[in-house]
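# A structural walkthrough
Listed below are the residues making up each chain.
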Amino acid sequence: MFAVNAISHDVSKPAVAPGSEGSKLAALNAWVAEVAALTQPDAIHWCDGSDAENASLIARMQADGTLIKLNEKTHPNSWLHRSHPDDVARVEHLTFVCTREQEDAGPNNHWMSPADGHKQMDALFAGCMKGRTMYVIPYCMGPIESPLSRCGVEITDSPYVVANMRIMTRMGAPALARIEREGKFVRGLHSIGELDPERRFIMHFPEELTIKSYGSGYGGNALLGKKCHALRIASHQARNEGWLAEHMLILGLENPQGETHYVAAAFPSACGKTNLAMLIPPEGYRAQGWKVWTVGDDICWMRPGADGRLYAINPEAGFFGVAPGTSDKSNPNALASIQHDTIFTNVGVTADNQPWWEGLDNGHSPVTDWRGNAYDAVKGPAAHPNSRFTVSARQCPSYSEQAENPAGVPISAIVFGGRRASLVPLVFEARDWKHGVLVGAAMGSETTAAATGAVGVMRRDPMAMKPFCGYNFADYFSHWLSFDQNGAKLPKIFHVNWFRKGDDGKFLWPGFGDNLRVLEWMIQRVKGEAGSVETPIGHLPNQGDLNLDGITLSEEAQAKLFGFDHAGWQTEFASIGEYLEEYGPRMPQALKDEQQRIARSLEG
Ligand SMILES: C=CCn1c(=O)c2[nH]c(Cc3ccc(NC(C)=O)cc3)nc2n(CCCC)c1=O
């Protein structure tokens, strides 16, 4: 029987944290005992996050086929996991926010009453861990010593989840010690159940700091520290406590003088968020000493500091990145990160047992697809479009040591972006905070082949938080507006669009490393060192203000990347006006007024 430190095989004995009798862990011990009584595991294992524990978990998973060892020479200590073929992505239609009042969950969430939610989930959890080990995972989202960090405990019957949470969070003994000091933690209960799509639900109880997830072993549904805790529960907690839990990357832009400015950015999927977070400056910039530092690629927790600025931490300790499209061309830092100690999920495999995915372009080719069948292009891609790598952030060459700073990093600029083939220029700056919140609320992006459904359909996804805001979206916008108080030194807010196309359907902007030129202009604007052109939609860069050395833009590109299409924006703002009505009567009037102000200035 496997168990590195099983506390008791007979679960009738109280399951207590190691050496925790009589300490502030009483609430945790009581909860664990209650869950054990419900789920009836054969053994309980309190995770300490040690290398020894990880090694024995991996050995167990290799033995039972949960993990397949990859080529030890090319990818040391790296593993492949194949999820159940219909358990390959988040399941939004089965994701619920259970608040006492349905209005508090808002029209942006599926709702069920807490009583019904608990009843439905507990019926699924009853006896579900018989024959299994129940793992208790204490974890901390954020640096262990940071006041911005928050702890949680995930109970799960999946060792795959344990191995991933160890990479993605600060997991084990240090987190348990902090929980003992603070006595407060988010409760996450997870079981892979029978992997039956009909018995699969992810329920959030933000008023109880509780998550219950059953029937899925996949990333966002099972690694509860990520979307469930760090966004849905945390966004609700942040609204109550006066901070922000956002779906944003955090990067540091260091100039040749050694000054580093930090930028937080929100993009919907398929915009290259991880690529931006790990950007490598163009050759000319690198030669001058420009650097981009990676603090985080997905989630940002930020709160006002004593000086009125917003300070941010990345609550995660790893990257759960999309594999397809990751290459030495699109993201050399990501590729360098995943050459060892990486867990790959649903990628393809080459003849010499290396991980493979579409877009890797490394001269190798797949022989086995993500289902474990012989690869056949006719049947579909070798790697699932949502296949992932899980890797410690420390393995990224551009990882910033400021990511461990308990105070967080000061945010100079917030960026919203989307995939827009037409209308939207390369970059513009909001006039002020209120205008910036409207820019975020109106964020739109066109669907791509990777997502389901048609290609090129524009959908709005405010601040890229539509699937992740744990409460009423209208209240969320009010919360954002509430930061605009006197004494606040708020970041400037910008919008970018890397994906503008010409009449010939080709991209007008080279993107990738050249996006640094846009970041450079933003920081110059923050420092009051760059001019701009004032338009009804905000400040556009003077063409000459953007450093375009080394790239040539056609006449059409210059006109469309730096231009302002009056009629087009009238249509767009009418559409934004309608969109703001979608979130019901709680929508802050100030945001509607801002939309009206701009719509009117477009009529003039
Ligand atoms: C920091 C990089 C951000 N970024 C971009 O800035 C970007 N831009 C484009 C569009 C594009 C594609 C190919 C070229 N190729 C050449 C040769 O110009 C140029 C732009 N694709 C981009 N992608 C990939 C999107 C899919 C995840 C991308 O990630």
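Residues numbered from 1 in each chain as written. Predicted model: local features only at pLDDT ≥ 70, side-chain atom pairs only at ≥ 80, totals over all residues. Heavy atoms only, no water.

### Side note on the UniProt feature "binding site: GTP" (unreviewed entry) in the protein chain
When the UniProt feature table is mapped onto this chain, "binding site: GTP" (unreviewed entry) is found at Ala270, Cys271, Gly272, Lys273, Thr274, Asn275, Arg388, Arg419, Phe512, Gly513, Asp514 and Asn515. These residues run over 246 residues, and the two farthest C-alpha atoms among them are 26.0 Å apart, placing them at more than one spot. Checked against the element boundaries, Gly272 lands in the loop between β14 (260–266) and α9 (273–277). Note on placement: Phe512 falls in the loop between β28 (492–496) and α14 (516–526). In this view, Phe512 contacts Asn275, Leu279 and Ser330; residues no more than four positions away in its chain are not counted. (UniProt positions renumbered as here; feature names shortened; annotations may be inferred. Helix = DSSP H or I, 4+ residues; strand = E, 2+ residues; numbered from the N terminus. Contact = heavy atoms within 4.5 Å.)

### Overview of the site of the ligand
Looking at the ligand, there are 14 residues lining it, with Gly272, Asn275, Phe507, Phe512 and Asn515 nearest. Interatomic distance of 3.0 Å between a backbone N/O atom of Phe512 and an oxygen atom of the ligand. In this structure, Asn515 approaches the ligand through a side-chain N or O atom, which is 2.9 Å from an oxygen atom. Considering the ligand on its own, with 640 Å² of exposed area, one finds that the protein chains cover 67% of that surface. (Near = heavy atom within 4 Å. Polar contact = N/O pair within 3.5 Å; in protein donor to acceptor, adjacent residues only side chain to side chain. Areas by Shrake-Rupley, 256 points an atom, 1.4 Å probe, with all protein chains shown as cover.)

### Regarding empty space enclosed by the protein
Applying the stated criterion across every chain yields a total of two cavities of 30 Å³ or more. Quantified by volume, the largest cavity comes out at close to 160 Å³. Together, 16 residues line the largest cavity, and Phe428, Val439, Ala442, Trp569 and Ile576 are the ones closest to its centre. Of all the secondary-structure elements, those providing two or more residues to the lining of the largest cavity are α12 (433–441) and α16 (566–581). In terms of residue count, the dominant contributor to the lining of the largest cavity is α16 (four residues). (1 Å grid on protein atoms, 1.4 Å probe; cavity = no way out; pocket = protein on both sides within 12 Å on 5 of 7 lines; lining within 4 Å. Points joined across faces, edges and corners; volume = space filled by probe spheres on them.)

### Remarks on the UniProt feature "domain: Phosphoenolpyruvate carboxykinase GTP-utilising N-terminal" (unreviewed entry) in the protein chain
The feature "domain: Phosphoenolpyruvate carboxykinase GTP-utilising N-terminal" (unreviewed entry), as annotated in UniProt, sits at residues 31–239 in this numbering. What you have in residues 31–239 is 37% helix and 23% strand, and the ends, taken at the C-alpha atoms, are 26 Å apart.

### A word on α14
Helical periodicity: at 3.6 residues per turn, an α-helix aligns residues three or four positions apart in one direction. Of all 11 residues making up α14, nine are buried, and the element is well covered by its neighbours. Taken as a whole, α14 has its buried residues at Leu516, Arg517, Val518, Leu519, Glu520, Trp521, Met522, Ile523 and Arg525. Of the residues flanking the end of α14, it is Gly528, one or two places downstream, whose phi is positive at about 70°. (Buried < 20%, exposed > 50% of the residue type's maximum accessible area, 1.4 Å probe, protein only.)

### Concerning the environment of Ile576
In this structure, Ile576 sits in helix α16. Note: C-alpha distance between Ile576 and Ser78 (498 residues apart in sequence) is 46 Å.

### A closer look at helix α8 (residues 225–241)
The end-to-end C-alpha separation of α8 is 19 Å, well short of the 24 Å expected for 17 residues at 1.5 Å each. Of all the bends in α8, the greatest, near 45°, is centred on Ala234. Counting buried residues along α8, 14 of its 17 residues qualify, which places the element largely inside the surrounding structure. (Expected span 1.5 Å × (residues − 1). Bend = angle between axes of the 7 residues up to and from the residue.)

### Regarding the nonpolar core
Counting 108 residues, the largest nonpolar core has Met302, Ile414, Phe416 and Trp480 as the members making the most contacts within it. When residues of this core are assigned to their parent elements, the largest contribution, seven residues, is made by helix α5 (residues 159–168). Membership of the second largest hydrophobic core comes to 42 residues, among which are Phe96, Leu124, Cys140 and Ala175. (Core = buried A, V, L, I, M, F, W, Y, C linked by side-chain atoms within 4.5 Å.)

### With respect to the packing of aromatic side chains
Summed over the entire model, instances satisfying the criterion amount to 21 aromatic pairs. Ring geometry for Trp569 versus Phe573: centroids 6.1 Å apart, planes at 45°, classification tilted. Of this pair, Trp569 and Phe573 both sit in helix α16, four residues apart, which is roughly one turn of the helix. Phe573 matches Trp569 in its accessibility class, with the two residues each being buried. Members of the aromatic cluster, connected to one another through ring pairs, are Tyr471, Phe473, Tyr476, Phe477, Tyr579 and Tyr583. (Phe/Tyr/Trp six-rings, centres within 6.5 Å; stacked < 30°, edge-to-face > 60°.)

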